Amino acid sequence: MIAKRLQPMASHARRSYVELMFQVMGRALQAISEVDETTRTETRELPEGFLFEMQVMPNGPKLIVEHTGDGRLHFHGDQAPRPVDLSIQFKHIAHAFLVLSFQEKTSVAFANDRMLVDGDISYAVRMTRVLNRLESFILPKLVAERAVKEYPANLKLPEKLINAARIYLKVASNFVETVRA
């Protein structure tokens, strides 16, 4: 009886967590493209104006970022200014929660058929590498190793800490700007 009452609350909590994580991830993707040359090198290969979406199917939470040129990404929130070029979609909120709470690697979620890709696979692989790099910077190493396919062996603690601080500062600044607007 109690379990039936708690189920909707757990579902609502998962959805709220996924929405928050998409807000943080979108802002962090924009931030990492501003502070990390390796990320910019990766995203320069995307066409200018390229729109990337990550969402929960069918009409769940989402994040949208745009490549604005020179490897820079811009977070659009959950509203695309035009049709997206690439969409990575979680089939269920529970699947998104597993990945975004770092209980399951993105690569494992793909292998377990929990996600779909709508768009060019090579762009999806590129964006997944960017997401992995972001997680490697902003998460503690123990958590990041659970979240990414392969933790970068050449990522040293000083670089990790400096870039993480810069990314978090930009994310926080972006949240403050959004609240003021």
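Report on the accompanying structure. Since we're looking at a predicted model, the values are computed, not measured. Think of each chain on its own: its residues are numbered from 1, step by step along the sequence as written. Per-residue local features are limited, in this predicted model, to residues with pLDDT of at least 70; the limit for side-chain atom pairs, both in listing and counting, is 80 or more; totals at the level of whole chains, interfaces and linings are taken over all residues. Calculated side-chain values reflect all of the structure's heavy atoms, with hydrogen atoms and water omitted.

### Points about the pattern of salt bridges
Opposite charge on two side chains permits pairing when their charged atoms draw close. As a reminder of what qualifies: Think of a salt bridge as a Lys or Arg side-chain nitrogen and an Asp or Glu carboxyl oxygen that are within 4 Å of each other. Every helix listed is a DSSP run of H or I at least four residues long, and every strand listed is a run of E at least two residues long, numbered separately from the N terminus. A 1.4 Å probe rolled over the protein chains alone gives each residue an accessible area, and that area as a share of the maximum for its type sets the label: buried under 20%, exposed over 50%, partly exposed in between.
Tallying each qualifying case throughout the model produces 13 salt bridges. Across the pair Arg 129 and Glu 42 runs a salt bridge whose closest N-O atoms are separated by 2.6 Å. Of the two residues, Arg 129 sits in helix H5 (residues 121-138) while Glu 42 sits in helix H2 (residues 37-43), which places them 87 residues apart along the sequence. For Glu 42, a relative accessible area of 17% gives the class buried. The shortest N-O distance in the salt bridge between Asp 70 and Arg 44 comes to 3.0 Å. Taken as a pair, Asp 70 in the loop between strand E2 (62-69) and strand E3 (72-77) and Arg 44 in the loop between H2 and strand E1 (51-56) lie far apart in primary sequence, 26 residues in all.

### Side note on the packing of H5 against helix H7 (residues 157-180)
Here is the rule: Whenever a helix is involved, its axis is fitted only over the stretch in contact; in every case the axis is a line through C-alpha atoms, and angles between N-to-C directions fall within 0 to 180 degrees. Any angle between 65 and 115 degrees counts as roughly perpendicular, while under 35 counts as roughly parallel, over 145 as roughly antiparallel, and the rest as oblique. Throughout, a residue-residue contact means that at least one pair of heavy atoms, one from each residue, lies within 4.5 Å. Classes in brief: Ala, Val, Leu, Ile, Met, Phe, Trp, Tyr, Cys and Pro nonpolar; Asp, Glu, Lys and Arg charged; the others, Gly included, polar.
For the pair H5 and H7, the least separation of the axes is 8 Å and the interaxial angle reads 105 degrees. When the interaxial angle is binned, H5 and H7 end up roughly perpendicular. The residues of H7 that touch H5, namely those facing Arg 133, Leu 134, Ser 136, Phe 137 and Ile 138, are Glu 159, Lys 160, Asn 163, Ala 164, Ile 167 and Tyr 168. Partitioning the contact of H5 with H7 into residue classes produces six nonpolar, two polar and three charged.

### Structural notes on the packing of aromatic side chains
Geometrically, a pair of aromatic rings is defined through the distance of the ring centres and the angle of the planes. For clarity, the cut-off: Side-chain rings of Phe, Tyr and Trp (the six-membered ring for Trp) are treated as a pair once their centres are within 6.5 Å; stacked means planes under 30 degrees apart, edge-to-face means over 60, and tilted covers the remaining angles.
With the rule as written, the count across this model stands at two aromatic pairs. Measuring from centroid to centroid gives 5.3 Å for Tyr 17 and Phe 97, while their planes differ by 70 degrees, and the two rings are edge-to-face. Of this pair, Tyr 17 sits in helix H1 (residues 2-35) while Phe 97 sits in helix H3 (residues 93-100); the two residues are 80 residues apart in sequence, bridging distant segments of the chain. With relative accessibility at 25%, the residue Tyr 17 sits in the partly exposed group.

### Considering the sheet that holds strand E5 (residues 115-118)
Quick reminder of the rule: When DSSP locates at least two bridges between a pair of strands, those strands are taken to pair.
Taken in spatial order, the five strands of this open sheet run E3-E2-E1-E4-E5, and their pairing is mixed. Looking at the sheet topology across the chains shown, the edges are occupied by E3 and E5. Going from strand to strand, the sheet's axes swing by 15 degrees on average, the running direction of each strand aside. Each of E1, E2, E3, strand E4 (86-90) and E5 is contacted by H5, which is oriented at about 65 degrees to E4, the strand it contacts most.

### Re H5
This is how it is decided: To estimate the expected span of a helix, count its residues, drop one, and scale the result by 1.5 Å.
A rise of 1.5 Å per residue sets the reference length of H5, with its 18 residues, at 26 Å; its end C-alpha atoms lie 26 Å apart and thus fit the reference within 8%. When you tally the buried positions in H5, you get 13 out of 18 residues, the bulk of the element.

### Some points on the environment of Leu 169
Its location among the elements puts Leu 169 in helix H7. Sequence spacing of Leu 169 and Ala 28 is 141 residues, and the spatial spacing of their C-alpha atoms is 9.6 Å.

### Quick word on the nonpolar core
Selection criterion: As used in this record, nonpolar core signifies buried Ala, Val, Leu, Ile, Met, Phe, Trp, Tyr and Cys residues forming a set joined through side-chain atoms within 4.5 Å.
Core analysis: the biggest nonpolar cluster contains 43 residues, and Phe 22, Leu 29, Phe 52, Met 54, Leu 63, Phe 90 and Ile 167 have the highest contact counts within it. The greatest single-element share of this core, amounting to nine residues, is contributed by H1.

### Focus: the environment of Leu 86
For Leu 86, the location among the structural elements is in strand E4. Along the chain, Leu 86 and Val 176 lie 90 residues apart, while their C-alpha atoms are 29 Å from each other. Aside from chain neighbours lying at most four places away, what touches Leu 86 is Phe 50, Leu 51, Phe 52, Glu 53, Val 117, Asp 118, Gly 119, Asp 120, Tyr 123, Ala 124 and Met 127.

Interpretation in functional terms is not warranted from these geometric data alone.
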